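Chain and residue survey
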Amino acid sequence: MAKNYFNTAYYNKILKLVKSHQLEKALIESQKYIKNYPYDLCGYACLTDIFIKMGNFYEASLLLEEGKRVFNLNMKKDIKEFFLWIELKLLCCQKKYIECFILLQKYTPFLETIDTSYLNIFLRKKLDLPFCSSKDAYLIKQIKDYNEDEALAHIKKHEYLSDNPSEFVQDFPLEEIFFKLRNILPGKTKLYDSALSDVYMFKYTANGHISYSLTDYFEVVTLPDSNEIITMYPHKNPEKRFFTDLTSDFDNYLSLKRINQVTKFYQKYEKNL
């Protein structure tokens, strides 16, 4: 009987769980996967990435070293690229910026299908090294010099009637929440989503739609270990351990704000009598 070295359908199921931040389920399924398909390096890389997202850098490091030991990296190019990129991500999330920068220079010739320019600029800024880029992309501009107004303009692409598949409802207090979150981030419930961003999940009842389905959750993406929000948008249900419920806090906050507005109106009105 022929030995199966991978299972595309099973692997894609795990990736779908990771994308929706169902990380504990993804962890269980990914561990099962590499037991059933121990010759699939993508399975090792995926499990390593899940550990990184959950902030378990120790397990991620062990798995990465095991992958290096077990596999010959002279393999299919796209698989090798994925594995090397995960290694760079781990170093970056661990704030080992010098080591990450050195390896990035070494690995860049092999990362033909991955755009390394964003990580290069981010690391150069962290290490106070000179950098330049002809790209005018939103993320690069925010890495170079964070701008709150540009961030809000970018986020407003998810406002009501924005023709975006994920959009906030009409009465969602987007700006109030944006500035409130700027004051409380970074936080403990973050996911290490990529080398260049942290992700936070929040609950705010009936805040938006995803492809016409109402949701109670939204995702906030920041530059690493900072309160510099680069985007936020409605999201499907994450696992409970990874979200913070803002509904009651903001209902109270907005109620008090409305009361203060009414009070100021009457104070002004009485003065004019």
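None of these values were measured; they are calculated from a predicted model.

1. Quick word on the overall build of the protein chain
In terms of regular secondary structure, the protein chain is built from 11 helices and 6 strands. Considering the protein chain as a whole, with its 273 residues, one finds that 44% of them fall into the buried category. Across the protein chain, every contact between residues at least 6 apart in sequence was considered, and the portion connecting residues at least 24 apart equals 57%. With an accessible surface of roughly 15,400 Å², the protein chain has 53% of that area assigned to carbon and sulfur atoms.

2. So, the side chain of Glu87
Positionally, Glu87 belongs in helix H5 (residues 77-93). Ignoring sequence-local partners within four residues, the contact set of Glu87 consists of Leu64, Lys68, Leu103 and Tyr107.

3. So, the packing of helix H9 (residues 148-155) against helix H10 (residues 174-184)
Across the interface, H9 lies against H10 with an axial gap of 11 Å and an inter-helix angle of 135°. On the basis of their axis angle, the class for H9 and H10 is oblique. For the pair H9 and H10, the crossing hand works out as right-handed. Here Glu148, Ala151, Leu152 and Ile155 of H9 come into contact with H10, specifically with Leu174, Glu175, Phe178, Phe179 and Arg182. For the contact of H9 with H10, the per-class residue count stands at 6 nonpolar, no polar and 3 charged.

4. Brief notes about the pattern of salt bridges
Scanning the entire structure with this criterion turns up 9 salt bridges. As a salt-bridge pair, Lys190 and Asp198 come within 3.3 Å of each other at their nearest N and O atoms. A single salt-bridge network, built from bridges that share partners, covers Lys95, Lys190, Asp198 and Asp225.

5. Description of the side chain of Arg182
When you line up the elements, Arg182 lands in helix H10. Contact partners of Arg182, with chain neighbours within four places excluded, come to Tyr146, Glu148, Asn227, Glu228 and Ile229.

6. A look at the state of the cysteines
Following the criterion strictly, the structure yields 0 disulfides and no others. There is no disulfide at Cys92, and the cysteine sulfur nearest it, in Cys100, is 4.8 Å away. Accessibility expressed as a relative area gives 3% for Cys92, which makes it buried. Overall, Cys100 belongs to the buried group, its relative accessible area being 0%.

7. Topic: the nonpolar core
Counting residues in hydrophobic clusters, the biggest one holds 78 residues, and the most contacted among them are Leu119, Leu123, Phe172, Leu181, Phe218, Val220 and Met232. A per-element tally of this core places helix H3 (residues 41-53) first, with 9 residues. With sequence-adjacent residues up to four places away left out, Val220 is seen in contact with Leu181, Leu185, Asp198, Val199, Tyr200, Phe202, Ile229, Thr231 and Met232.

8. What to know about the packing of aromatic side chains
Inspection of the entire model under this criterion finds 13 aromatic pairs. Ring geometry for Tyr11 versus Tyr33: centroids 6.0 Å apart, planes at 50°, classification tilted. Pair noted here: Tyr11 is in helix H1 (residues 8-19) and Tyr33 is in helix H2 (residues 23-36), with a separation of 22 residues, a long-range link. A relative accessible area of 14% places Tyr11 in the buried class. Members of the aromatic cluster, each reached through a chain of ring pairs, are Phe168, Phe172, Tyr200, Phe202, Tyr204 and Phe218.

9. Things to note about unusual backbone geometry
The amide bond that connects Leu185 to the next residue, Pro186, takes the cis arrangement and shows omega of 0°. Structurally, Pro186 can be placed in the loop between H10 and strand E2 (191-194). Of note in the backbone geometry, Asp225 takes a positive phi value of approximately 55° without being a glycine. By secondary structure assignment, the location of Asp225 is in the loop between strand E4 (213-222) and strand E5 (229-235). Here Asp225 falls in the partly exposed class, since its relative accessible area comes to 40%.

Parameters and conventions
- Residues numbered from 1 in each chain as written.
- Predicted model: local features only at pLDDT ≥ 70, side-chain atom pairs only at ≥ 80, totals over all residues.
- Heavy atoms only, no water.
- Helix = DSSP H or I, 4+ residues; strand = E, 2+ residues; numbered from the N terminus.
- Buried < 20%, exposed > 50% of the residue type's maximum accessible area, 1.4 Å probe, protein only.
- Contact = heavy atoms within 4.5 Å.
- Areas by Shrake-Rupley, 256 points an atom, 1.4 Å probe, with all protein chains shown as cover.
- Axes fitted to C-alpha atoms, helices over the stretch in contact; angles between N-to-C directions.
- Parallel < 35°, antiparallel > 145°, perpendicular 65-115°, else oblique.
- Left-handed = near helix turned anticlockwise from the far one by under 90°.
- Nonpolar A, V, L, I, M, F, W, Y, C, P; charged D, E, K, R; others polar.
- Salt bridge = Lys/Arg side-chain N within 4 Å of Asp/Glu carboxyl O.
- Disulfide = S-S within 2.5 Å.
- Core = buried A, V, L, I, M, F, W, Y, C linked by side-chain atoms within 4.5 Å.
- Phe/Tyr/Trp six-rings, centres within 6.5 Å; stacked < 30°, edge-to-face > 60°.

Taken by themselves, the reported measurements are silent on function.
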